[in-house]
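As a plain string of letters, each chain reads:
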Amino acid sequence: MIIKRDFYLSKLQRSRGNGLIKIITGLRRSGKSFLLKQLFRQHLIDEGIGEDHIIIVDMESRKNEELKDPDRLLDWIEAKIVDSSMYYVIIDEVQEVREFVSVLSTLAVTDGVDVYVTGSNSRFLSSDVVTEFRGRGDEIHVWPLSFSEYMSAYGGSKEDGFSEYLMYGGLPQLLTQDGDEKKADFLRRLYRTVYLRDIYERNEIELKPEFEELSKTLASSIGAPVSALNIANTFKSKNKTLSVSGRTVSAYISYMQEAFLIEKAERFDIKGRKHIGMLYKCYYQDVGLRNAILSFRQVESSHLMENVVYNEMRMRGWMVDVGNIFHRIRNSEGTQQRVTLEVDFVCNKGSERIYIQSAWRMPDEAKVEQEKRSLRLIGDSYRKLLVVGEHTKPWNDEDGIRMISIYDFLLDPRSTENI
């Protein structure tokens, strides 16, 4: 089964030959290797590039163990360059190469070479490259399948497809698994044998039961503001025999971020135009893995849809915060009281901004008004979307708030444009 992933191929094509190292990052098993070694390679061949001018090195292959030595790798690549035509060098999981930053720096100044690399850990790739390359790296982050990509291979209705997507997520290999039991087992095994093992080995974690209990606590908290300290307190209250400090929780969360399992969305004071406080929300780059961590016991459609909306906006290139509006009302005693209302997402890209509210069901007008209230209080002219988890025709109300179904939002790439 081949999913074309044209969104990322377009990005690669636009970056081709720009003189920068193309750094393809993302969660393990999100499709980075297939994108480069299969789809992009075939794209180059279709454009007339000879196969001998496409050099691919898979650093996770046992056969390439000796190429983890930086000098041997550079000599091996140099031996394949025999003319002045452009060569396309693809190194899969480049962080496995010793002194890989030095290797990439050398390739970056080699004439006639266009370099593409993948990596699955931000600490071992993105941060080092940003520091060392100083503008010579071009990062392209690959997410698990978007719902639109998922539906291109699903074969059923979009309603059934969305239910499956909320439960099992968008890792490409999942589509080869037949039936609920196989899909759930696949995700549970993948989490333990790939993601957990990778985090343990990279960070030399000794408190494995504590880390696993913490990951469950964090997975239970999507959609809720948290901090390292209150997670640690929740953790202690749930399990008296295990104890971790707020500092340890903060470190463990950073390890999950570095492995691209989660992202943090900071709180943003919309009226004050600043980030506030220590609280934040965590969202999983794949909701199926989040459900697998909890053995599929806490599948709350509202929170999972919110996570999917977050991922979609991040995939489309937006920076995403959680919005807060501080508002004063008079209570039943006639005195003023300060309340905080939340806007699920404040999304920024360049000079553009979109406010998004995510609501699973809208059973009556009162619920509609409740969801719109915080959007109305913003008071600026930026676009405002209310995304609902049921079918509705897109329409704008008198305040300029656009209501749109989750299906139109996810399946129409123009849904966040100013139309």
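Keep in mind that this is a model prediction, so the values were computed, not measured.

Scoring rules and cut-offs
Along each chain, numbering runs from 1 in the same order as the chain's sequence is written. Restriction of local features to residues with pLDDT of at least 70 applies here, the model being predicted, together with a cutoff of 80 or more for giving and counting side-chain atom pairs; totals for whole chains, interfaces and linings are based on all residues. Side-chain figures throughout are based on the complete set of non-hydrogen atoms in the structure, without hydrogens or water. In this text, helices come from DSSP runs of H or I with a minimum length of four residues, and strands from runs of E with a minimum of two, each type numbered from the N-terminal end. Throughout, radius of gyration means the C-alpha value; the globule benchmark is 2.2 Å times the number of residues raised to the power 0.38. Type-normalised accessible area, obtained with a 1.4 Å probe on protein chains alone, sets the label of each residue: buried when under 20%, exposed when over 50%, and partly exposed for intermediate values. Whether two residues are in contact is decided by their heavy atoms, any of which lying within 4.5 Å being enough. Per-residue and other accessible areas follow the Shrake-Rupley method at a 1.4 Å probe size, with only the shown protein chains counted as cover for residues. Just so you know, the count uses Lys and Arg for positive and Asp and Glu for negative, and it drops His and the chain ends. Every charge is mapped onto a representative atom, which is NZ of Lys, CZ of Arg, CG of Asp or CD of Glu. For a helix, the expected span equals 1.5 Å multiplied by the number of residues minus one. To get the bend at a residue, fit one axis to the 7 residues ending there and another to the 7 starting there, then take the angle between the axes. N or O atoms closer than or at 3.5 Å make up a polar contact, with two conditions inside protein: a donor-capable atom paired with an acceptor-capable one, and, for residues adjacent in sequence, both atoms drawn from side chains. Pairing between strands requires that DSSP locate at least two bridges from one strand to the other.

Participant: Tell me about the overall build of the protein chain, residues and numbers included.
Facilitator: Across its full length, the protein chain carries 15 helices and 13 strands. Against the 2.2 N^0.38 benchmark of 22 Å for 419 residues, the protein chain shows a C-alpha radius of gyration of 23 Å, consistent with a compact globule. Counting only C-alpha atoms, the protein chain reaches 85 × 55 × 45 Å along its principal axes. Put simply, the protein chain has 419 residues, and 52% of those count as buried. Sequence-distant contacts, at least 24 apart, represent 66% of the contacts inside the protein chain between residues at least 6 apart. On the protein chain, roughly 19700 Å² of surface is accessible, and the fraction owed to carbon and sulfur atoms is 46%. In the protein chain, which carries 59 positive and 64 negative side-chain charges, the distance between the mean positions of the two groups comes to 4 Å.

Participant: Let's hear about helix H14 (residues 365-378): which residues, and what values?
Facilitator: Compared with an ideal rise of 1.5 Å per residue, which puts 14 residues at 20 Å, H14 spans 21 Å between its outermost C-alpha atoms and is within 8% of the ideal. The sharpest bend along H14 reaches about 35° and sits at Lys-372. All of the buried residues along H14 are Val-368, Glu-371, Lys-372, Ser-374, Leu-375 and Ile-378. You can read the cap of H14 off the contacts: a side-chain oxygen lies 3.2 Å from the backbone nitrogen of Ala-366, and it is on Asp-364. Of the residues flanking the end of H14, it is Gly-379, one or two places downstream, whose phi is positive at about 80°.

Participant: Just give me the short version of the pairing of strand E7 (residues 274-284), but keep the residues and values in it.
Facilitator: Pairing between strand E6 (residues 262-269) and E7: 7 bridges, direction antiparallel. In the strand pairing of E7, Glu-263 is matched with Tyr-283. Here E6 folds back onto E7 in antiparallel fashion, the turn holding 4 residues, of which Arg-273 has a positive phi close to 55°.

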